[in-house]
Amino acid sequence: MQTEEPTAVESRAGLAEAELLAGCRAGKPEALNELVRRYHTAVLRVCVSLLGSRDVDDLVQDIFIKILRRLDTFAGRAALFTWMYEITVNHCRDELRRRKRKRWFSLQSLPAETVEKIKADEVLASEHLETEELHAHLHAALKQLEPKYRELIVLRDLEGLSYEEIAQIQKLDEKLVKSRLYQARQALAEKMKKYAEAFYA
Amino acid sequence: MRESRQHLEEAALWQWRDGELNEQERRATQSHLDRCAPCRKRVAATERLFTAMRKMHHAVKPTLAEQVQLVRVLEEQFVREELPGILVDASRRLVRWLAPAVAILAALFVLLRQEQTSSTSALANLLPETPESQLLLADSDEQYQQAMWEVALSLEENQK
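Calculation criteria
Every residue gets a number counted from 1 within its own chain, in the order that chain's sequence is written. All chains are assigned letters beginning at A, and all ligands numbers beginning at 1, according to the order in which they are written. Only residues with pLDDT of at least 70 are given local features in this predicted model, and only at 80 or more are side-chain atom pairs given and counted; all residues enter the totals for whole chains, interfaces and linings. Only DSSP runs of H or I reaching four residues or more are called helices, and only runs of E reaching two or more are called strands; each is numbered from the N terminus. Exposure is read from a count of other C-beta atoms within 10 Å of each residue's own; the residue is exposed at 12 or fewer, buried at 20 or more and partly exposed in between. C-beta atoms are placed from the backbone. The axes are straight lines fitted to the C-alpha atoms, using for helices just the contacting stretch, and the angles between their N-to-C directions are given from 0 to 180°. Small angles under 35 degrees read as roughly parallel and large ones over 145 as roughly antiparallel, with 65 to 115 read as roughly perpendicular and the rest as oblique. Put simply, a crossing is left-handed when the front helix is turned counterclockwise from the back one by less than a right angle, and right-handed when it is turned clockwise. Contact between two residues is assigned whenever their backbone-derived C-beta positions fall within 7 Å. Confidence of the predictor at the level of single residues is given by pLDDT, which spans 0 to 100. Note on definitions: a nonpolar core is a set of buried residues drawn from Ala, Val, Leu, Ile, Met, Phe, Trp, Tyr and Cys, linked by C-beta atoms within 7 Å.

A. Spotlight on the environment of leucine 8 of chain B. All names here are of chain B. Structurally, leucine 8 can be placed in the segment before α1 (10-18). Looking at leucine 8, the number of C-beta atoms within 10 Å reads 22, which means it is buried. Between the alpha carbons of leucine 8 and histidine 32 there is a distance of 7.8 Å; along the sequence they are 24 residues apart.

See the structure below:
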C-alpha cells in the first residue's frame, strides 16, 4: 500500500527504545518530552478516528498517564509503539462504552423531537473537518462502523500496521484479523455506497 | 478461482491491493484489470476512498498548546527531582559511616550497662548486711528512702 503520510510505523526506525524507557522510568523530563514528541500525534489521531470526535484531549492525557504508570509491566516482548497502540485502542473501547452509557442516560431525559435531531446531526457529524463534504461523509461512515471493524480500518489502512502487529494489539489470530478486515472494508464500502458518485466522478 | 466470469471478486481486489496474491494470481488479476474498465474503475474508487480517509486521519495533529499542556501534566506527575551530585556523594558517605558508628555505639551502651550491673552486685557481696550498706546499694529513690528509714530506726534502737 502506498501512503504519502508518515505513520508511527515509519517513525519507529532508529529508536533507542531502551534509553527512552529507562529515562521515563527514572522520571527524567527530557525522556517524557521525547515520549510525547514521538507518540502524541499517533495517539491523538487514533483516538479521533476511533471516537469520531476531536474532543479527546483528556483522553489522550489519561492514555499517556496509563502508559507511564504501566511502564514497569512493559516486558519488551513487543515494540513500544505496538504496546502504546494496544493501550490506546483499549482505552478508546472503554471510552466508547462509557460515552454510550452516558448518552443513553442523557437521552432518556430529553424530549423526543430533540433526540431525533441529535441522531440526525450525528449521522452527518464532522466536528473536525466540516469544510470538506467528502471527509464529513467518510467521518460519519467510519463512526457508524462497529468498533471492532473501525479499529481494524484505523490500524491497518490508516496507521499502516502489519497483520502481525494488529494481531498482537487485538490479541487475535492473524487469519481472523485478515477476515475481519475484509468484512470491515466491505461494511465501510457499503456505508459509502450512497456517496459513491463522489468517488466515481 | 479468484476471478468471476466477468469481473474480479471483491476479496481478490483487496488482496491484489494489499499485495497478498502469489505471482500467478497477481498476473492474472493485472491482466484482467488491463482489459476490464469497470474493474479498473472499482479499484480507482477504492483507492480514492482510502486516500481521502488517510488524508483525513493524518490531518489530525496536536496543537503546540496541547503538546505543552500534556508535557506539563506528565512532568507534574512523573518527574522525580534529582539531588545535585555532590549532595548524593555526601549522603552516600554519611550512610557508609553512620551505620557502623551506630552499631558501635549500641554495643558500647550494652557493655556499659552490663558493667554497671556487675559492679553493683560485686559491691553488695563485699559490704556487710547493715542498714548503712543498703544506703550505698540503693538503685532508686524508693530504695534509698527505705534504707534511710532503716538507718533511722537502727539509730533509734541503738540509742535506746
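And the narrative resumes.
B. Structural view of the packing of helix α2 (residues 17-25) of chain A against helix α3 (residues 29-51) of chain A. All names here are of chain A. It is at 7 Å that the axes of α2 and α3 come closest, and there the two elements cross at 125°. Relative to α3, the element α2 lies oblique. Between α2 and α3 lies a crossing whose hand is left-handed. Judged by residue contacts, Leu20, Gly23 and Cys24 of α2 engage Glu30, Ala31, Leu32, Glu34 and Leu35 from α3.

C. Looking closely at the interface of chain B and chain A. The interface is formed by 30 residues belonging to chain B together with 36 residues belonging to chain A. Here the side of chain B that touches chain A takes eleven residues from helix α3 (residues 37-58) of chain B, the largest share from any one element.

D. The confidence of the model for chain A, seen in detail. Residue and element names in this part refer to chain A. Chain-level statistics for chain A give a pLDDT mean of 80 and a share of 73% at 70 or above. For chain A, helix α1 (residues 8-11) is the element with the lowest average pLDDT, namely 46, and helix α4 (residues 57-69) is the one with the highest, namely 95. Note on residues 9-15: pLDDT under 50 across the span, and seven contacts to partners over four residues away in sequence or across chains. Low confidence marks residues 123-131, where pLDDT is under 50. Its contacts with residues over four positions away, or in another chain, come to 21 contacts.

E. Quick look at the nonpolar core. Formed by 50 residues in total, the largest nonpolar core has its most connected members in Val43, Cys47, Val60 and Met84 of chain A. Looking at this core, the element that brings in the most residues is α3 of chain A, giving twelve residues. Apart from residues lying up to four places away in sequence, valine 60 of chain A is in contact with Val43, Leu44 and Cys47 of chain A together with Leu70 of chain B.

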